[in-house]
Amino acid sequence: MAKHILKDNSKSYSKGILAEILEFVMGKGLIPADGEIWRVRRRAIVPALHLKVL
């Protein structure tokens, strides 16, 4: 179910009001981003979250 919601069918779900609040606090970072912008930003931070780095 999580794969369906988060990966396969993510466009059907909104981040809602929380994304709007976070955009004010965090700018247009990873959390409030959607679609291709989110994908590009996520790929940029993945190396920093690798188990060897953590």
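Residues numbered from 1 in each chain as written. Predicted model: local features only at pLDDT ≥ 70, side-chain atom pairs only at ≥ 80, totals over all residues. Heavy atoms only, no water.

Asks: Describe the pattern of salt bridges, naming the residues involved and giving the relevant values.
Replies: Under the defined criterion, the tally for this structure stands at one salt bridge. Here Glu36 makes a salt bridge to Arg39, at a shortest N to O gap of 3.0 Å. One end of the pair is Glu36 and the other is Arg39, both in helix α3 (residues 35-45) and three residues apart, which spans about a single turn. Exposure remark for Arg39: the relative accessible area of 36% places this residue in the partly exposed category. (Salt bridge = Lys/Arg side-chain N within 4 Å of Asp/Glu carboxyl O. Helix = DSSP H or I, 4+ residues; strand = E, 2+ residues; numbered from the N terminus. Buried < 20%, exposed > 50% of the residue type's maximum accessible area, 1.4 Å probe, protein only.)

Asks: So, a nonpolar patch on the surface: which residues are in play, and what are the values?
Replies: Residues Ile17, Leu18, Ile21, Phe24, Val25, Met26 and Ile31 make up a contiguous nonpolar surface patch of roughly 790 Å² in combined accessible area. Its relative accessible area of 43% is what places Met26 among the partly exposed residues. (Patch = residues over 30% accessible without salt bridge, like charges linked within 9 Å, V, L, I, M, F, W, Y side chains within 5 Å. Areas by Shrake-Rupley, 256 points an atom, 1.4 Å probe, with all protein chains shown as cover.)

Asks: Give me the layout of surface pockets: which residues, what numbers.
Replies: A volume near 560 Å³ is recorded for the largest pocket. When residues of the lining of the largest pocket are traced back to their parent elements, those giving at least two are α1 (2-8) and α3. With four residues, the top contributor of residues to the lining of the largest pocket is α1. Partitioned by chemical class, the residues of the lining of the largest pocket number five nonpolar, four polar and six charged. (1 Å grid on protein atoms, 1.4 Å probe; cavity = no way out; pocket = protein on both sides within 12 Å on 5 of 7 lines; lining within 4 Å. Points joined across faces, edges and corners; volume = space filled by probe spheres on them. Nonpolar A, V, L, I, M, F, W, Y, C, P; charged D, E, K, R; others polar.)

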